[in-house]
Each structure stands twice: as C-alpha cells, then as structure tokens.
Amino acid sequence: MTEKKSRKIRKILFRIYVAITSILAFLFIGLVISFFIDFEQPQEEPKEKTLVYDLSIFDNQFVENQNAKYQDAEVRFLNEICYINDNKYNVTRSSYSAYESRVFWRVDLSKLILCYTIDDVNIYSSNGELDNDILIVNRNNENYFLVKGNILQQYNYEIDDFNILECSDPDIVSYQKKLWEDHLSNRYLITTVCSSELPEYVSFQLKNHPELIYSFLYFKFDDFYCSPYSYTRRTGAEIPEDLLN
C-alpha cells in the first residue's frame with residue numbers, strides 16, 4: 001500500500017470517528033437537557049378515580065294512603081346511624097355505580113305508608129308504623145334507606161319467604177329452590193360466560209316486607225345455576241350536615 005493511499009484511509013477513518021463522537025455528544029447533551037426539564041417541571045399528582053353512584057335502588061313513587069298514621073318521633077342522625085325513638089337504624093347506601101354488582105335489594109316506594117311528618121321530613125314504612133325494620137326517610141325529595149337488624153341478610157331466608165314478582169322463565173317454579181340455594185352458595189359465579197343464550201332473570205318479593213325486591217340474572221348449566229355474588233349489606237350513605245345531631 002502506497003503512502004498516499006494510507007493517508008487517505010486514515011483521513012476517512014478520522015472523519016468517521018469525528019462523526020460518531022459528535023453524534024454521541026449530541027445525544028448525551030440532549031439527555032442532560034431532558035433530565036433537567038423533567039426535574040424542574042412540577043409532577044402532577046395522580047387523580048383519584050371516583051365512582052359515580054347513579055343507579056338508584058328506589059322504584060316507583062310514594063302514593064297517598066288513607067291509612068297514614070302521624071306518630072310522634074324523635075329523629076337523630078349520627079353519621080351512618082339514625083335513631084328514631086331510641087331504635088337504632090343503619091343508613092344504607094341507596095345508589096350504586098355501574099361498576100358494582102347488580103345484585104342488591106330494591107325498594108318499591110308505592111308499597112309504603114306515611115307514618116311521620118314534620119316540616120320537610122317524612123318517614124314511610126310498609127305497615128304505617130315507625131317501629132319497623134325498614135324505614136324510608138324523605139327530605140326535600142331525597143330518600144334515605146334505614147335498616148334495623150339483619151333484615152337484608154339474604155342468608156336468613158328460604159325460597160318460601162318470597163313471591164316471584166317477575167321472571168323470564170315460566171318454568172322457574174320447578175327449580176326455584178335449587179336456584180336460590182346455588183345463588184346463596186356463591187359456588188357457581190358468573191365471571192366469563194360464553195353462551196349463545198341470553199341469561200335468565202328473576203325478581204323476588206319478600207312476603208313480610210313487600211316493598212323489598214331482590215333480583216339477579218342467572219344461567220342454567222345442566223343441574224346447577226350460575227349467578228353473580230349474592231348481596232352483602234353496604235352502608236355509607238352521605239348524610240347532609242344539617243341532619244346530623
């Protein structure tokens with residue numbers, strides 16, 4: 001190799017070296033600048049996801065009733081607890097988000113009788129008595145679901161404690177006991193179902209509390225019935241400050 005060719009090759013290699021070094025230096029400077037820009041920029045705090053509770057459990061409207069009884073009462077709200085004549089009630093949530101289980105008790109307001117009224121507060125029950133396991137307090141067109149004891153614990157009930165209010169399968173009477181047992185067991189939960197058939201639907205009405213309706217969807221597979229999780233009581237209704245004592 002002649003001296004001339006050797007110098008030419010060294011010159012080409014030097015130019016390649018300079019180009020690579022320049023690119024690396026440019027990238028390094030860019031990273032440093034980007035770091036300081038990100039460092040100085042205030043970081044936004046992650047936004048807390050909130051659920052919108054827009055699915056009311058109340059059906060129909062209150063109706064005027066000639067059997068209304070206006071009784072004396074002392075009503076006291078203490079956070080999620082309400083005392084009516086020294087009877088303790090849990091103020092249960094009366095609305096749910098679309099992301100939550102669709103299995104819950106509903107309340108038919110048309111089955112209730114006014115039993116107490118003062119100023120802008122009305123109280124209703126199924127028998128027109130204040131001494132009732134379920135009371136609905138209405139104030140300024142806002143309803144509050146008051147529950148005493150374990151009346152909403154579905155595990156306390158047999159299928160004979162209900163009437164069938166509505167259903168999609170006319171033959172449900174032949175298997176309603178098994179359906180109820182499977183639903184309470186939570187053994188056959190609806191999670192992911194691939195089926196060409198639509199789910200069945202049933203709505204049960206509690207006999208001794210006709211205002212309480214319990215509904216859910218289910219699939220029939222051989223001799224068992226798949227449904228969502230059975231109801232568990234949820235408390236935590238928001239009480240206006242001027243109602244709290």
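Residues numbered from 1 in each chain as written. Predicted model: local features only at pLDDT ≥ 70, side-chain atom pairs only at ≥ 80, totals over all residues. Heavy atoms only, no water.

Here the focus is the nonpolar core. Counting 34 residues, the largest nonpolar core has Trp105, Val107, Phe145, Leu152, Leu212 and Phe216 as its most contacted members. Mapped by element, the contributors of at least two residues to this core are β7 (105–108), β10 (134–139), β11 (142–147), α2 (176–185), β13 (200–206) and β14 (212–221). Element by element, the count of residues in this core is highest for β14, at 4 residues. Phe77, Cys115, Tyr116 and Leu130 belong to the second-largest nonpolar core, a separate cluster that totals 14 residues. (Core = buried A, V, L, I, M, F, W, Y, C linked by side-chain atoms within 4.5 Å. Buried < 20%, exposed > 50% of the residue type's maximum accessible area, 1.4 Å probe, protein only. Helix = DSSP H or I, 4+ residues; strand = E, 2+ residues; numbered from the N terminus.)

On average, residues of the chain score 79 in pLDDT, and 67% of them reach the 70 mark or higher. The model gives residues 35–42 a pLDDT under 50, and that stretch makes 1 contact with residues more than four places away or in other chains. (pLDDT = per-residue confidence, 0-100. Contact = heavy atoms within 4.5 Å.)

With respect to the helices, strands and loops of the structure, serine 126 is situated in the loop between β9 (121–125) and β10. Relative accessible area serves as the criterion here: at 17%, serine 126 is assigned to the buried category. Separated by 3.4 Å, the side chains of serine 126 and asparagine 132 make a polar contact. If near-sequence neighbours (up to four positions away) are discounted, serine 126 is found in contact with Lys111, Leu112, Ile113, Asn132, His209 and Glu211. (Polar contact = N/O pair within 3.5 Å; in protein donor to acceptor, adjacent residues only side chain to side chain.)

Moving on to α2. Where α2 is concerned, the buried positions are Gln176, Leu179, Trp180, Asp182, His183 and Leu184. Packed against the buried residues of α2 are β12 (162–167), β13, β14 and β15 (224–226). Asparagine 186 sits one or two residues past α2 and shows a positive phi near 60°.

By the bridge criterion, 4 bridges tie strand β3 (residues 75–78) to strand β4 (residues 81–84) in an arrangement that is antiparallel. Counterpart to leucine 78 in the pairing with β4 is isoleucine 81. Between β3 and the antiparallel strand that follows it, β4, lie 2 residues; asparagine 79 among them carries a positive phi value of about 55°. (Pairing = 2+ DSSP bridges.)

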